[in-house]
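Listed here are the chains, written in short residue letters.
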Amino acid sequence: MEFLRTLKPLFTLPQHWIPVRCIPTRYCSNLAKASVTSRQRRTAVDRFRTQLSSGPNFQDFIKGVSVNKTQPADEESSDRHGYLSEDLEMGNSRRVYFETYGCQMNVNDTEIAWSILQRKGYLRTSDLNEADVVLLVTCSIREKAEQTIWNRLKQLTAMKRKRLKTHTPMKIGILGCMAERLKTELLEREKLVDVLAGPDAYRDLPRLLTVADGGLQASNVLLSLEETYADIMPVHYAPQGHSAFVSIMRGCDNMCSYCIVPFTRGRERSRPVSSILEEVRLLSDQGVKEVTLLGQNVNSYRDTSEEQFCGSDLTQHSRGFKTVYRTKQGGLRFSDLLDRVSLIDPDMRIRFTSPHPKDFPDEVLHLIAERRNICNQIHLPAQSGSSQVLKAMRRGYTREAYLDLVKNIKKIIPEVSLSSDFISGFCGETEDDHQQTLSLIREVGYNVGFLFAYSMRKKTNAYHRLQDDVPAEVKRRRLEECISVFREEAARVNAALIGSTRLVLVEGKSKRSAEDLCGRTDGNMKVIFPKEDVAAQFPESNTAPINAGDYVLVKISSANSQSLRGRALGHSSLRGSVKHCETLPTHQVDERVASVDTVIQTCH
C-alpha cells in the first residue's frame, strides 16, 4: 500500500506556497468575492489547515492501510476509528440476541461477531424480549432461506415499534451473505433494518451500532481479499461444550454456475496455520472432544502467510478434475494442516466440511486412513450424476471422474462413510439426466444426503447465461424421487450394521425421550441408547454414569434410514481404540466400519 502513502502530501499545504492566487477561483468561499488583505487570506488558510488536521484523514477511509503513526500496541488498536470516540463504541451492557440461519460457517460467524461485541461491553441474551440489539446471521444460498428472513424481519419490526416509546429502542441488524447480496433492498424496503454487516465487516459492528443509536441506518458490506479474523478467538456457544467449529478459510474461487457464495463471501483466503493450532489447543484444554474444520471449500486450504511457505510447487488435485482458475503455487496445504491439528489431542475427533471433490489428492486420503482421530467420513458433493449437467454447473469433472475418485477413496479408506449434496432440476436437466443422478446415488452408497430443488440466484453464471427451464412441479417430483432412493439405500446399509459395535461420542439426552442418550459415530451416524450406568472401562465390572462428551462402545440392536439404536457396553476412548477392526472381538471394535445416516433437507 506504499502508493497510498504518497497521496498524503496532497492534503497538506507546504509552507512556501502562497495560496493568494487560488482563492479568487473558489467561488464557494466568501473570501473569493471580495478584496481582502493578505493577512485575512493567511488566516483563512490557517483555519482550513486546522480543520483538516483535526478531522479524519485519508487512511481512516481505507480499511487495512498501514500508516506511519505510533499506535498503542494492544489488540484492539486496528479496530478503532479516529473520528469516533472509543467510548461511543462501547456496548454499555446492552443485550444482544442472535438468530443464526444456514450453514455451519454462519454458526462460526456468529461466534466471531459475538467475540467482537463482547470485547466492547455488550451482553448476550437468549431472551428476545429483553434484547436491545437483534442480529440475524443470514444465508442466501436459496430463495426459501431469504424468504424466511424477510418474514422474520416483519415480525421483529412489529415488535420494535411497540418498544419505541421506551428509553432503549430495539435495533435490528442483518449479518452475513444476505446483507451483502440484498443491501439496497434491506435498507430501503419498509425500513426494516438499522444495521447491515457483510461477512468481512464484523470488526465494524461496534461502530455500525453506534451510528444506528444516533437514528441513522449503518452499513458495511465491503468484501476483503485478506480478512480471515485470524486474531479473533471465537466465543464458542455449543451446548455441553463437547464439540466446536473452527473456521480455517473463507470465500471460494470455484465459481460453480449455480452458486452465490463467491459473490457474497468473496475470494478464497486461508487463515494462518499458527492461529488455527492455537484455537484447537485452547479447545482441547477446555475439554472439547470433537472439532470440525470449516470453509466454503475447506480442503483447498493454502497458507502462504510466511515466506518459508511460499514455494513453487503446484497444488495437486484429484485425478481427472480441473478448475476454472490457474493452478495455485506454494503454501501449506490442507494435508499439512490436518496432520498438525490431529497431533494436538489424540482423544479429540477431527472432522472437516465442506470440501470440493477436486481437492482430495492421495496424501489427504492416506492421512485420514492413518490417523485414528481423523474421522473416516468424507463429504463428497456430487450435485448431479449427469456429465452434461455437471458441465453446465461448471463443476470441473465428469460422472466417470467422480466415480473413479469414489473408488480411490474406498481403496485407501475401506471403512469410509460418504455423504453428498445433490441439486434437482438444474437448468436444462432432462429426465435422462435425473435418472443418471438416481443411479449414482445407488452406486456410491452415501450415508448422508443434503438434497435441494434448484433455486436460481442473481449474479451467478447461470443467471446470466442459462435458463431456469425445469418447471417447479418437475423439480419437486425429482427431488422426492432422490429422497426416496437415499432412504432406501440408507435402510439397506443400516440393516447390515445390526449386531456390530460402534464407538460413540455422547452428545446428551435424546430429543424424543429423557430416558435415552444420543451420540454420533465416527461416520456421523446418530445412535440412540438407554441412559444407564455402564462399565467404567469395558469389560471391567466397575460402573460409571454416561455424560455428554464421553466415548462409549454401543452394540447396535436395530436400525432405520435415519438412525441406529443399541445398548452401551462401557466407556472407551480414541487412544485405546484400533484403526482396523474387521477380525477383532466385539468389545475391541473401534468405530471404523462404514456407518450410515441420512440427513435430508428439502427446498421447495
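Residues numbered from 1 in each chain as written. Predicted model: local features only at pLDDT ≥ 70, side-chain atom pairs only at ≥ 80, totals over all residues. Heavy atoms only, no water.

Bringing the sheet that holds strand S3 (residues 133–138) into the picture now. Consider a sheet: its strands pair through backbone hydrogen bonds, and that pairing is either parallel or antiparallel. One open sheet holds the six strands; their spatial order is S2-S1-S3-S4-S5-S6, and the pairing between them is parallel. Looking at strand neighbours, the two that pair on one side only are strand S2 (123–124) and strand S6 (218–220), the edges of this open sheet. One ladder, built from five bridges, connects strand S1 (residues 95–100) with S3; its direction is parallel. Its bridge partner lying in S3, Glu99 is registered against Leu136. Docked against the sheet, helix H3 (residues 104–119) engages S1, S2, S3 and strand S4 (171–176), running at close to 170 degrees with respect to S1. Strand contacts of helix H7 (residues 205–213): S3, S4, strand S5 (195–197) and S6, with the helix running at about 165 degrees to S5, the strand carrying the most contacts. (Pairing = 2+ DSSP bridges. Helix = DSSP H or I, 4+ residues; strand = E, 2+ residues; numbered from the N terminus. Contact = heavy atoms within 4.5 Å. Axes fitted to C-alpha atoms, helices over the stretch in contact; angles between N-to-C directions.)

Time to look at unusual backbone geometry. Put simply, Thr353 and Ser354 share a cis peptide bond, and its omega is 0 degrees. Although it is not a glycine, Gln383 sits at a positive phi angle of roughly 75 degrees. Within the secondary structure layout, Gln383 lies in the loop between strand S14 (377–379) and helix H12 (387–393). Although it is not a glycine, Arg394 sits at a positive phi angle of roughly 60 degrees. On the secondary structure map, Arg394 appears in the loop between H12 and helix H13 (399–412).

Quick look at the packing of aromatic side chains now. Scanning the entire structure with this criterion turns up 11 aromatic pairs. With centroids separated by 5.8 Å and ring planes inclined at 25 degrees, the aromatic side chains of Tyr446 and Phe486 adopt a geometry described as stacked. Linking Tyr446 in the loop between helix H14 (431–444) and strand S16 (448–453) with Phe486 in helix H16 (residues 472–495), this pair joins segments that are 40 residues apart in sequence. Under the relative-accessibility criterion, Phe486 is labelled buried at 1%. Within the aromatic cluster, the residues linked to one another by ring pairs are Tyr258, Phe426 and Tyr454. Geometry around Tyr325 places Lys328 over its ring, the cationic atom sitting 4.7 Å from the centre. (Phe/Tyr/Trp six-rings, centres within 6.5 Å; stacked < 30°, edge-to-face > 60°. Buried < 20%, exposed > 50% of the residue type's maximum accessible area, 1.4 Å probe, protein only. Lys NZ or Arg CZ within 6 Å of the ring centre and 35° of its normal.)

On to the nonpolar core. Ranked by size, the top nonpolar core spans 70 residues in total, and within it Leu293 and Ile378 carry the most contacts. Counting residues per element, this core draws most heavily on H13, at seven residues. Excluding its chain neighbours within four sequence positions, the residues that come into contact with Leu293 are Val246, Ile248, Val298, Phe334, Leu338, Ile350, Arg351, Phe352 and Thr353. One finds Ala113, Ile116, Tyr122 and Leu208 within the second-largest nonpolar core, a separate group that totals 23 residues. (Core = buried A, V, L, I, M, F, W, Y, C linked by side-chain atoms within 4.5 Å.)

Applying the stated criterion across every chain, the model contains 31 salt bridges. Between Arg492 and Glu489 there is a salt bridge, with the nearest N and O atoms lying 2.6 Å from each other. Residue Arg492 and its partner Glu489 are located together in helix H16, separated by three residues, close to a single helical turn. Two residues, Glu532 and Arg567, come together in a salt bridge whose shortest N-O distance is 2.6 Å. With Glu532 in the loop between strand S19 (526–530) and strand S20 (534–535) and Arg567 in strand S23 (residues 564–572), the pair connects residues that are 35 residues apart, well separated along the chain. You can call Glu532 partly exposed: its relative accessible area is 28%. Bridged by salt links that share partners, the residues Asp109, Asp200, Arg250, Arg265 and Arg269 form one connected network. (Salt bridge = Lys/Arg side-chain N within 4 Å of Asp/Glu carboxyl O.)

Here three strands make up an open sheet; going across it, the order is S7-S10-S13 and the pairing parallel. Strands with a single pairing partner mark the edges of an open sheet, and in this sheet they are strand S7 (243–247) and strand S13 (349–353). Averaged over all adjacent pairs, the angle separating strand axes in this sheet is 25 degrees, with direction ignored. When S7 meets strand S10 (residues 290–294), the two strands line up parallel, connected through five bridges. Among the inter-strand pairings, Ser243 is bridged to a residue of S10, identified as Glu290. Against the sheet, helix H9 (residues 273–285) contacts S7 and S10, and its axis sits at roughly 170 degrees relative to S7. Relative to the sheet, helix H10 (residues 334–342) contacts S10 and S13, its axis offset from that of S13 by approximately 155 degrees.

Running from N to C, H13 and H14 point in directions that differ by 10 degrees, and their axes come no closer than 12 Å. By the criterion of interaxial angle, the relationship of H13 to H14 is roughly parallel. Touching Arg399, Tyr402, Leu403, Val406 and Lys410 of H13 are Gln436, Ser439, Leu440, Glu443 and Val444, all from H14. Of the residues contributing to the contact of H13 with H14, the split by class is five nonpolar, two polar and three charged. (Parallel < 35°, antiparallel > 145°, perpendicular 65-115°, else oblique. Nonpolar A, V, L, I, M, F, W, Y, C, P; charged D, E, K, R; others polar.)

A few words now on H14. In this model H14 runs 20 Å from its N-terminal to its C-terminal C-alpha over 14 residues, within 8% of the 20 Å that 1.5 Å per residue would give. Turning to H14, its buried residues are Asp433, His434, Thr437, Leu438, Leu440, Ile441 and Val444. Projection of H14 onto a plane perpendicular to its axis shows the buried side chains occupying an angular sector of 155 degrees, all on one side. Structurally, H14 contributes buried residues whose contacts are with H12, H13, strand S15 (417–424) and H16. (Expected span 1.5 Å × (residues − 1). Arc of directions from axis to C-beta.)

Burial of strand S17 (residues 501–509) is extensive: seven of the nine residues sit out of reach of the surface. Pairing analysis gives five bridges linking S17 to strand S22 (residues 551–559), with the strands arranged antiparallel. Counted as the bridge partner of Val504 is Val552 from S22. Pairing between S17 and strand S18 (residues 516–520): four bridges, direction antiparallel. Within S18, the residue paired with Leu505 across the bridge is Arg520.

Attention now moves to the confidence of the model for the protein chain. Chain-level statistics for the protein chain give a pLDDT mean of 80 and a share of 76% at 70 or above. Confidence drops under a pLDDT of 50 for residues 1–37, and excluding neighbours within four residues, the segment shows 29 contacts in the predicted structure. Within the model, pLDDT remains below 50 along residues 63–80, and this stretch shows 23 contacts once partners closer than five positions in the same chain are excluded. (pLDDT = per-residue confidence, 0-100.)

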